[in-house]
Structure formats: C-alpha cells, structure tokens
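Working through the structure, step by step
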Amino acid sequence: MIQAGDVMNTNIRSAQMAVNNISSDTLSMAVDKATQFLLKTQTSEGYWLGELEGDTILESEYIILMRFLGRGDETKLRKAAAYILTKQMDNGGWSLFPEGPVDVSSSVKAYWALKLTGSTGSETYMTRAREAIREAGGVQSVNSYTKFYLAMMGQVSWDVPPAVPPEIMLLPNWFYFNIYQISSWSRTFVVPLSIIWTHKCTRKLEPSQGIGELLEDQSLVNRRSPRVSFWRSFFIALDQTIKIAEKMHLMPLREIAVKKSEQWMLEHFEHSAGLGAIFPPMIYALIAMRALGYDDGHPQVQWAMDELEKLEIEEPETLRLQPCVSPVWDTVIAMNALADAGLPPDHPSLKRATEWVISKQVTLKGDWKHNRPDLEPGGWYFEFDNEFYPDIDDTAMVLMALRKTCDVNGKEEACRAAFLWLMGMQGSDGGWASFDVDNNRRIFNYIPFADHNAMLDPSTSDITARILEMMSFHGMGTAHGSVSRAIDFLRKEQEPDGSWYGRWGVNYVYGTWQALRGLSRIGVDLHDPMIQRSTDWLLSMQNEDGGWGESCRSYYDPSCKGTGQSTPSQTAWAVMGLISAGEIESDAVRAGIDYLIRTQKDDGTWDEEWYTGAGFPKVFYLRYHLYRHSFPLMALGMYRASRGVES
C-alpha cells in the first residue's frame, strides 16, 4: 500500500499501471454496458431498489424477538440460524463487517440465536464461538441493547441493563435534555425501550435455550471501569438513583409518562413503514406492545409485524433481514449516474423515476418541527414511507437528480419546497446534519444507554459538502452567506493530512471525495490550500492496482485511513474527487478509470463484497448492493464528459 505523503511515487506507479490512452470506444462501451444494467434493473413503478445488507445482529435479534413473543415460523427461524452460521468467522466469532475483528455483542447474540433454534452448545462451531466470545471480553463487554435482551429472556437481572425511564417524555422542549435533543434514530429506540424498561416483561427459557455457560459470573456483566469521566460517573450515579427510586415506588409520574410514551409511539406509526422505518425500533415496538398488553391480533401489532416481514429476504436454505430499505436513495443515485453518463433528460426511464420521486416528497411536519417550527415541509425520506423523518442527504441528492431530468407535473413546486426546507435546516455551525438541527450536546454520549455511538446527529462534512454541490445547481456561489458559512465549516473539519471524515460512507475516501466535489462545484479556487492538501492525500492513497479502498477499520484506527483492498464504489469516489480537483489528465485518474473498466463484468456491473456504507460507526455498517453499480457509472460518465467525449 502506498503511504500518505508519497505523492510523487504514487504518480509514478500510477503511470506504470495506466493505459496511457483509454480509447473513446473502450470508455463508451463500459459506460453503455453499465447504463444498460441500471435500465434493466429499474422497476416498472420507476424506482430502483438494491439490497441493504448489515451484519448478523439482524437475524439474531429476529430470532430472539420471535422466541420472546412465542411466535414465528420455525422454518424461517432455522433458515435465519443457518444464515448466521454462514457468517461465522474462522476464529469462531462474528464481526460487524467482512474480515473485521470479533464483535462481542453480535457474537453473543449469534451464539444465543443458534441455541434458540436447536444448537445444543456441544457442536464444534459452538465451542469455537464460546472461545471467541471469552477472548473478546466475554458477556460483561456487551452493549446496553444486548443487556436488554438478556434481561427480557431471564438470563440476567433487570438491574443489569441501564435504566430508560419514561419520564424523559415529560421533559419540556426548553429543558436541556429532552427527547428532541437526541438523534432521530435514538428517539425511536428510546421511547419503546422506556416502555419495556417500565414493565420489565420477562420470558423464562428452558436452561437448554439459555446461555448460562457464558454467564458463569453474572456479576461481571455489570462491571464498570474504575476510571471514568465526571459526566460518565454522574450518569451512572443517576442510573442507580433511578433504579433505587423505582424499587421504593418513588416515581409518581410513571403512569402518565408511560401513557405519553405509548401515545408518541402510536402516533409515529402513522405515515411510516414501521416505527422509524428501521429495524431496531421496529423490534422494540413489538416488544413494547406486548409489554402494554396488546395481543397478537391487534391491528397495530399485525401492522408492525407485517412491516418487519417486508425486511426479510428468504432463499431456499437461508433467511436474512435488511436493516431497512433504501428505494429513494438508490433511485436518486441511479438517476444522477444515468444523467452524468449522458442519458437524455427526457429518457422514459428518467421520466418515470422523476414522477415516482416527486410522489414521495414529504408534505407533513415531522420531528424536525420542534427545532424549526416555522419551516414548511419539503424533504424526502430514505425508505418507501417515513414522513416523520425526511433525510437531508437524500433531499440534496433528489434535488440534483431533478435538475438533470425533464420537467414533469409538480416538479418545480417540489424543488422549490425542498430547497427552502434544506436552507432552513442549516445548523448554527454552518453545516448540515442528517435529520435534525444543532443536535450536538455531547454530554448525552455519557448516558449509559448511549453506547450505540449515535446518540447525536451533528453536522457532518459529507452532508454539508453535498449541500454545497446541490446549491451549485441553483445558481449560488461563494459570496452567498449560507455558502460561505458551509465552506468555513468544511475548512474547520478538514483533517491535518488533508482528508475529511466520512460519516455515512467508508470513510475518509468518501468524505474527501464529497468535500472536493462540493467545494469545486460551488466555486472554491482549486489552488486553495484546503483543496490542494486533500488532492495530495487522495493521490497518496491510490493502490497499486489503480483503485482505491478503505476498510471500516479506519473508524477505529487512524492508521487505517484510506487503506484497504480496492473496491468499485470507493475507486469511483476517489476518481470523482480528483476530477473535481482538476486532475482529469493525471495518471492517477487514468489508472482509476482503467481499474473500473478492467474490473467491469460482461453484464455491465461490478463485484464488491466489502462494506462501504456506515450506519453507526464502530457499531453498525452497511453494504449497499447498488453502490457498486451506480457510483462507477457516475465516475465513468464524469470522466467521459470532462474529456469532451460525446455519449
């Protein structure tokens, strides 16, 4: 791997690898094949939808949920267990991403799910799993959400998981801590969990289905580090105080708080494909409704179960689950890629996609209204239906796609509303977050149930840069106040080596590509030291095969920044970043394009086994199955257009 700083050596190696003159015919053939692949995979309704793949916590929690509820198709459960086994690593554990380290929480849940579906614990794969779990720190190292499952299934005392008191629902919006000052996804976790915490429903298991062999010393499960920060110590003490007060029946507002939590949850079922339209709160909602006494035949329970089942992908031997679905995101990336590849704006495919996307625009005020009460709706969400949570990143990508397609009924009105909504969601720091505004009170990260590493939704470089790119399509430039504040934000966020952190894509390659693209599009001088440093960093990270790659390990270890096996999506990002920085004629860009052409399959697509999407860094990662198709096409199209080659 070429190390950062060896820019000159990188260019020399790239020159040795590159095809000095990639012919126009070769380039056009690659673009045409990739274009045809995307056109063939578009649905008749006009959208694209690729699989969204996570790790085995999805299948494990699905099995645990069904055992808790006492329901579920046994064939499906065994298929889910079979899938979990296919993901066991040679060392016996399970990781959060391919070739990652053993993750103790996902490994404990995988081991337990296998026991719940017939494994006895004496099998070789189970013995290896126990050894891996103990080596990774044992059950005492699992996260809070795993502890909740252990308590719900009678494996540990309810003293073990952290308290999630429903009284937080009664805190007014002006109070420093309130439900709308934590991230939208945490909100959808916390509300049903507060109901679960209150009722402490427990399902007793037969010893053969439990994990007693992993809990030889249950006191270790609640072990805490002797050296913690002041605020961590404060919240731990508060957690213990709440538990004592509950045991002494000193929670006079508990009944009112639970009722408000239930009401909030039911209200957020509306206009949504499941609570939050993502897997964890969909699971917690079903458990919360059981705790509240809803029977399996209740319409809300049936609806919630139906939405969960829509995430299943069943095959002859296995069953896996998606964390959610991504039709709006997949569609607008595909639209941008096809337009950048030269597809005419009035092409029937783009017209159908445009009409479908416009039909998905949010028209109701969601949770964001609590911090922007006077702002009118206009964004887009990620899934088929999620009106409470329009996504800033999706909305920016939608607006860019719509600027590249023909006019259809309602398009201009939709764009106007979306643009105003996006401008109104700029944070006080000049940046943009994912769903909320100024959601950055870091003290909340010390709360015991905040160990999913995503309690907050602060402004990020990748989204802010995408907003800059979007603004360039609306005639804005560096003199505009919102633009200059965003540029200042990116300048402050740049790493010393020139890269930018990627919150939603892996990782610094993603963040740096998007920053270069946004800054150059909005009109920042390409000789600006900020751009020069980032360009040099990208050049220094090119692999000897001409591509770029970065492992999810870079979220843990800074020495892994920008390093990893080349992938089509990350290579495409790097190439587009360099072209944006004015490197169109460089050997590095040529080598990157050559890599994409060489690795393209006969059917016009690419293979990519690595995870290049981020959910909750250090906790949950994603493999977007369409990333390996759309982004390479986008890069090839951008390269062809930059060279002045006609499509």
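Cut-offs and rules
- Residues numbered from 1 in each chain as written.
- Predicted model: local features only at pLDDT ≥ 70, side-chain atom pairs only at ≥ 80, totals over all residues.
- Heavy atoms only, no water.
- Salt bridge = Lys/Arg side-chain N within 4 Å of Asp/Glu carboxyl O.
- Pairing = 2+ DSSP bridges.
- Helix = DSSP H or I, 4+ residues; strand = E, 2+ residues; numbered from the N terminus.
- Core = buried A, V, L, I, M, F, W, Y, C linked by side-chain atoms within 4.5 Å.
- Buried < 20%, exposed > 50% of the residue type's maximum accessible area, 1.4 Å probe, protein only.
- Contact = heavy atoms within 4.5 Å.
- Axes fitted to C-alpha atoms, helices over the stretch in contact; angles between N-to-C directions.
- Parallel < 35°, antiparallel > 145°, perpendicular 65-115°, else oblique.
- Left-handed = near helix turned anticlockwise from the far one by under 90°.
- Nonpolar A, V, L, I, M, F, W, Y, C, P; charged D, E, K, R; others polar.
- 1 Å grid on protein atoms, 1.4 Å probe; cavity = no way out; pocket = protein on both sides within 12 Å on 5 of 7 lines; lining within 4 Å.
- Points joined across faces, edges and corners; volume = space filled by probe spheres on them.
- Expected span 1.5 Å × (residues − 1).

1. A short note on the pattern of salt bridges
Where charged atoms of side chains with opposite charge meet at close range, the side chains can pair. Scanning the entire structure with this criterion turns up 32 salt bridges. Each of the salt bridges in this network shares a partner with another, and the network as a whole consists of Glu167, Lys200, Glu246 and Arg254.

2. Quick notes on the pairing of strand 4 (residues 613–616)
Sheet analysis places strand 4 next to strand 5 (residues 620–624), joined by three bridges and oriented antiparallel. Within the sheet, the bridge partner assigned to Phe616 lies in strand 5 and is Phe620. Here strand 4 hands over to strand 5 after three residues, with Lys618 in that stretch at a positive phi of 75°.

3. Section: the nonpolar core
Among the nonpolar cores identified, the biggest contains 204 residues, and Leu308, Ile467, Met470 and Met471 are the most heavily contacted of them. With near-sequence residues (within four places) excluded, Met471 lies in contact with Met423, Trp432, Met476, Val483 and Ile522. Ranked by size, the runner-up nonpolar core spans eight residues in total, among them Leu96, Cys552, Tyr611 and Tyr621.

4. Considerations on the packing of helix 22 (residues 587–599) against helix 23 (residues 627–642)
In contact at an axis separation of 11 Å, helix 22 and helix 23 are set at 130° when each is read in the N-to-C sense. Classified by the angle between their axes, helix 22 and helix 23 sit oblique to one another. By crossing handedness, the relation of helix 22 to helix 23 is classed as left-handed. Judged by residue contacts, Val589, Arg590, Ile593, Leu596 and Ile597 of helix 22 engage Pro632, Ala635, Leu636 and Tyr639 from helix 23. Here the residues of the contact of helix 22 with helix 23 are counted per class, giving eight nonpolar, no polar and one charged.

5. Notes on the layout of surface pockets
Empty space within the second largest pocket amounts to approximately 810 Å³. Per-element tally for the lining of the second largest pocket: the top contributor is helix 18 (residues 481–493), with three residues.

6. A short note on helix 9 (residues 230–247)
Spanning 18 residues, helix 9 covers 26 Å between terminal C-alpha atoms, matching the ideal 26 Å at 1.5 Å per step. Among all positions of helix 9, only Phe235, Ile236, Asp239, Ile242, Lys243, Ala245 and Glu246 are buried. For helix 9, the secondary structure elements touched by its buried residues are helix 8 (184–199) and helix 10 (254–267). Just past helix 9, the residue His249 takes up positive phi, approximately 55°.

7. Observations regarding the pairing of strand 5
For strand 5, a buried count of five out of five residues is recorded, marking the element as mostly surrounded by other parts of the structure. Along strand 5, one buried face is formed by Phe620, Leu622 and Tyr624 and the opposite face, lined by Tyr621 and Arg623, is buried too.

8. Notes on the sheet that holds strand 5
What the three strands build is an open sheet, ordered 1-5-4; its pairing is antiparallel. Each edge of the open sheet is held by one strand with a lone partner, namely strand 1 (52–53) and strand 4.

9. A look at the side chain of Ser326
Here Ser326 lies in the loop between strand 3 (319–321) and helix 13 (327–340). Residues in contact with Ser326, not counting those within four places in the same chain, are Leu49, Gly50, Leu52, Phe382 and Tyr624.

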